[in-house]
Amino acid sequence: MNAVWKVLFCCKWNPDVSNSHDWLELYRIRTSIENRWKRGEHQHFISPDHLGKILTMRVSTITDRVFARFEDSLVREINLETGKQEYQYPCNMGIAIQGKYLATAQSTGEVSLWDVDAHSCVATFSRPSHKKVYGIHIDLDQNRIAIGGKDGAILVHDIETKKVLTEFAWHDDLVVQTHIEEQNTVITGGLDRQVLMGDMRSPSDVKPIYIIRQQTPIHVVRFDAKTLLAGCALGALWVHDRRMQRTWTYKMHARNLVGLHFDGKKIATASGDGTIGFQYVQNLYAESIPPPMYYQIARNSTGIWFDDDRMVVGASNVHLLRFDGKDSQWEQSVPFEIRQTVTS
């Protein structure tokens, strides 16, 4: 049977793991988890072939939903607790989620802003001359949306009036990450191998600050006030201390690091080699860095998210699983219900 599997699974995070934890015990737990996975001690949901892979995913903690973009050019809205699909949105480019608002981009250059509670489109923005749009950020505090395109330029629109407030071209290739940090400070990442920061109101002759500039394309960027992380091609994780202005590189995976989640203390990564990895930020600054914890999930992992007791991974097989890391037991399994169309 030539079924395409896709994976979204939910795990129980183990908050007790620390530097003092016995790493041999962690290795035993990891081995136990992988053996349980291989023996099939969880429920499978095999979705139809025509849906294709999960290409990217976002999680809204406000609505407790997962938004996963599939190869069939649809973003499916899935309830994180029940695993049931509630709606779907047309999309074959980038997506972004903030609060109850979802932004979806089409290959026509059109970006739609949706109210996911009402399942209605509240605004539409267009970039017809540069149709590849991926780096999107919704800034609800200032009622703005920033949209980065293939041309390396970022347009910032007023959500209510749809007018372009400012435009700045910092990158030489596709903008994959855009985030308005505070007021007018913007952090961006692109396939031109750079992570940049600057004031969006600056004159065009004022160059942004290079935070990271390296040899492989950047796929994902996450940060807080102290630390900035960038997931790159060839499985590299770049860690930048924003206060000391120092950067370290860690080889986390064998292939592209495309999924990254960070809560200030813990880091979770997902890679094209099908593995997910976990590390503590404090370990990255230690003289002797303990190895990350790894789990082999599927052929390809494309996104990752966690909170205090759940973890969601988008990949090329689809399940919703809960895992209690304290005793290495699958606590329960709730399969996602994925449909081609939504019926009333």
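Residues numbered from 1 in each chain as written. Predicted model: local features only at pLDDT ≥ 70, side-chain atom pairs only at ≥ 80, totals over all residues. Heavy atoms only, no water.

A. Structural context of the overall build of the protein chain. Counting its secondary structure elements, the protein chain contains two helices and 29 strands. Sorting the 344 residues of the protein chain into buried and exposed places 55% on the buried side. Within the protein chain, residue pairs in contact and separated by at least 24 positions form 46% of the contacts whose partners lie at least 6 positions apart. When the accessible area of the protein chain is evaluated, it comes to approximately 15300 Å², of which 48% is carbon and sulfur surface. (Helix = DSSP H or I, 4+ residues; strand = E, 2+ residues; numbered from the N terminus. Buried < 20%, exposed > 50% of the residue type's maximum accessible area, 1.4 Å probe, protein only. Contact = heavy atoms within 4.5 Å. Areas by Shrake-Rupley, 256 points an atom, 1.4 Å probe, with all protein chains shown as cover.)

B. Fine view of the layout of surface pockets. Approximately 220 Å³ is the volume attributed to the second largest pocket. Forming the boundary of the second largest pocket are 15 residues, of which A169, W170, S204, V206 and P208 lie nearest the centre. Mapped onto the lining of the second largest pocket, the elements with two or more residues apiece are β13 (164–169) and β16 (194–199). Residue classes in the lining of the second largest pocket are distributed as nine nonpolar, four polar and two charged. (1 Å grid on protein atoms, 1.4 Å probe; cavity = no way out; pocket = protein on both sides within 12 Å on 5 of 7 lines; lining within 4 Å. Points joined across faces, edges and corners; volume = space filled by probe spheres on them. Nonpolar A, V, L, I, M, F, W, Y, C, P; charged D, E, K, R; others polar.)

C. Spotlight on the side chain of T104. Here T104 shows up in strand β7 (residues 101–105). At a separation of 2.9 Å, a polar atom in the side chain of T104 contacts the side chain of W114. Ignoring sequence-local partners within four residues, the contact set of T104 consists of V75, Y89, P90, C91, G94, I95, E110, V111, S112 and W114. (Polar contact = N/O pair within 3.5 Å; in protein donor to acceptor, adjacent residues only side chain to side chain.)

D. Molecular detail of the pairing of strand β22 (residues 257–262). Most of β22 is tucked away: five of the six residues are buried. Linkage of β22 to strand β23 (residues 266–271), two consecutive antiparallel strands, is achieved through a turn of three residues, within which G264 is found at a positive phi near 95°. (Pairing = 2+ DSSP bridges.)

E. Fine view of the sheet that holds strand β3 (residues 65–70). The antiparallel open sheet is built from four strands, whose spatial order is β2-β3-β4-β5. Every interior strand has two partners, whereas the edge strands, β2 (54–60) and β5 (85–90), have only one. Ignoring strand direction, the axes of neighbouring strands in this sheet form an average angle of 20°. In this structure, β3 lies alongside strand β4 (residues 74–79), joined through five bridges in antiparallel fashion. Considered in β4, the bridge of F67 is made with E77. (Axes fitted to C-alpha atoms, helices over the stretch in contact; angles between N-to-C directions.)

F. Up close: the packing of aromatic side chains. Scanning all chains against the criterion turns up four aromatic pairs. Taking the centre distance of 4.6 Å and the plane angle of 50° together, the rings of F168 and W170 count as tilted. Judged on exposure class, the residue F168 and its partner W170 are both buried. In this structure an aromatic cluster arises from ring pairing among F67, Y87, Y89 and W114. Across the ring face of F70, the terminal group of R76 is positioned such that the distance to the ring centre comes to 4.9 Å. (Phe/Tyr/Trp six-rings, centres within 6.5 Å; stacked < 30°, edge-to-face > 60°. Lys NZ or Arg CZ within 6 Å of the ring centre and 35° of its normal.)

G. Inspection of the pattern of salt bridges at higher detail. Applying the stated criterion to the full structure yields ten salt bridges. E86 is paired through a salt bridge with R65; the nearest N and O atoms lie 3.3 Å apart. Within this pair, whereas E86 is found in strand β5, its partner R65 is found in strand β3, the two being separated by 21 residues in sequence. Across the salt bridge formed by K150 and D173, the nearest N and O atoms sit 2.8 Å from each other. Here K150 is found in the loop between β11 (144–149) and β12 (153–158), whereas its partner D173 is found in the loop between β13 and β14 (175–182), with 23 residues between them in sequence. When its relative accessible area of 39% is taken as the criterion, K150 is described as partly exposed. Via salt bridges that share partners, R65, E77, E86 and D117 belong to a single interconnected network. (Salt bridge = Lys/Arg side-chain N within 4 Å of Asp/Glu carboxyl O.)

H. Quick look at the sheet that holds strand β6 (residues 95–98). Read across the open sheet, the four strands follow the order β6-β7-β8-β9; overall the sheet is antiparallel. Each edge of the open sheet carries a strand with a single partner, namely β6 and β9 (120–126). Neighbouring strand axes in the sheet, compared pairwise and without regard to direction, differ in orientation by 20° on average. Pairing of strand β8 (residues 110–115) with β9 involves six bridges; the strand directions are antiparallel. When the bridges of β9 are listed, V111 appears paired with F125.

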